[in-house]
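# Structural characterization, general
The residues making up each chain are set out below.
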Amino acid sequence: MILLVDIGNSRLKWTQAEAGVLKPTIFMDYRQADFPERLREFWLSIPAPKQVAMASVSENALTILLVDMARALWPGVELIMPQSSQTAFDVKNAYTEPEKLGVDRWLALQAAHRYYPGDTCVVDCGTAITIDFIESDGRHLGGLISPGLFLMKKSLADNTAALPFSEDQADTSLAIVTAAAINNGTLLAAAGLVEAALARQPKAYQLVLSGGDGDMLARHLAVPSIVDGGLVFKGLLNYCRNENAS
Ligand SMILES: Nc1ncnc2c1ncn2[C@@H]1O[C@H](COP(=O)(O)OP(=O)(O)O)[C@@H](O)[C@H]1O
Ligand SMILES: CC(C)(COP(=O)(O)O)[C@@H](O)C(=O)NCCC(=O)O
Ligand SMILES: [K+]
């Protein structure tokens, strides 16, 4: 078994890979006081992994906590922590400083190139919305970063006197009450961003969505998309030896 860990700016996601097949993802809020305790209990209940592969765009302290926990639970376990680089698995990073591209974006691009071959636009709708374009030959063209839906709504609530934070259902219609106006406006901002990014390219790209708001965004886009919440995990698996071994 290989333990795969994706540490975003909002949540920790982890899963187990057996013979290359991913189990359901466990999502955890790492800001909860009892998070280390709960994670340790979870990890005590699973078979000892041969390898632990981690991707983190969050604080170092959290990564260190997880590395220490894995080492304490499974002494001698092999830890794999990929970093963004110029090229990997036939994907060429477009960034002028390749190591500065978020490793979650880098791994998602590698997974997209492998599992969704062709000209592809990869959108991760998490804390931030990231949009990356990759050509069928593995050439990354670059990307875009915007606040995610939660951050858009939070910044309105935090910086205005009259606007509340609301988590009601959103759609892209015109609203007649404040909460819906915020929910729908921010959802349309995200949908419009993705649609505009695609429309401004000189040719068509297939769209692959991931992240906590990926499903919701997919339902409100005017263009077809594939939702795959496991892109970072699939990218991590590339870096693991004996990917197919149990
Ligand atoms: N149960 C949930 N808990 C937290 N965020 C959620 C949940 N369901 C949907 N979301 C949305 O998903 C976003 C986080 O997505 P995620 O992919 O986990 O982010 P990150 O990779 O940045 O940690 C939040 O900003 C929020 O809008
Ligand atoms: C853009 C991000 C904050 C997205 O993180 P996430 O929303 O997945 O938590 C992360 O990929 C990151 O820190 N990137 C480094 C800067 C860059 O990619 O240009
Ligand atoms: K993201």
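Please read all numbers here as calculations on a predicted model, not as lab measurements. (Residues numbered from 1 in each chain as written. Chains lettered and ligands numbered in written order. Predicted model: local features only at pLDDT ≥ 70, side-chain atom pairs only at ≥ 80, totals over all residues.)

Within the structure, ligand 2 sits among 14 residues, and G8, N9, G102, G126 and T127 are positioned closest to it. Elements with a contribution of two residues or more to the shell around ligand 2: α3 (103–115) and β10 (128–134). Here the shell around ligand 2 spans two domains, since at least three of its residues come from each of domain 1 (2–83) and domain 2 (117–227). (Near = placed C-beta within 6 Å. Helix = DSSP H or I, 4+ residues; strand = E, 2+ residues; numbered from the N terminus. Domains from an automatic or database assignment.)

Attention now goes to the nonpolar core. Ranked by size, the top nonpolar core spans 51 residues in total, and within it L4, V123 and L236 carry the most contacts. A total of seven residues in this core trace back to one element, the largest contributor, which is α3. A domain split of this core shows at least three residues from each of domain 1 (2–83) and domain 2 (117–227). (Core = buried A, V, L, I, M, F, W, Y, C linked by C-beta atoms within 7 Å. Buried ≥ 20, exposed ≤ 12 C-beta atoms within 10 Å, placed from the backbone.)

What follows covers the packing of α3 against helix α7 (residues 231–238). Contact geometry of α3 with α7 gives a least axis separation of 7 Å together with a crossing angle of 80°. Relative to α7, the element α3 lies roughly perpendicular. Contacts from D104, L107, A108, Q110, A111, A112 and Y115 of α3 reach α7 at L231, V232, K234, G235, L236 and N238. (Axes fitted to C-alpha atoms, helices over the stretch in contact; angles between N-to-C directions. Parallel < 35°, antiparallel > 145°, perpendicular 65-115°, else oblique. Contact = placed C-beta atoms within 7 Å.)

So, on to the site of ligand 1. Surrounding ligand 1, one finds G8, N9, S10, R11, G126, T127, G148, L149, F150, G211, G212 and D213. Here the residues of the shell around ligand 1 are counted per class, giving two nonpolar, eight polar and two charged. Domain assignment of the residues forming the shell around ligand 1 places at least three in each of domain 1 (2–83) and domain 2 (117–227). (Nonpolar A, V, L, I, M, F, W, Y, C, P; charged D, E, K, R; others polar.)

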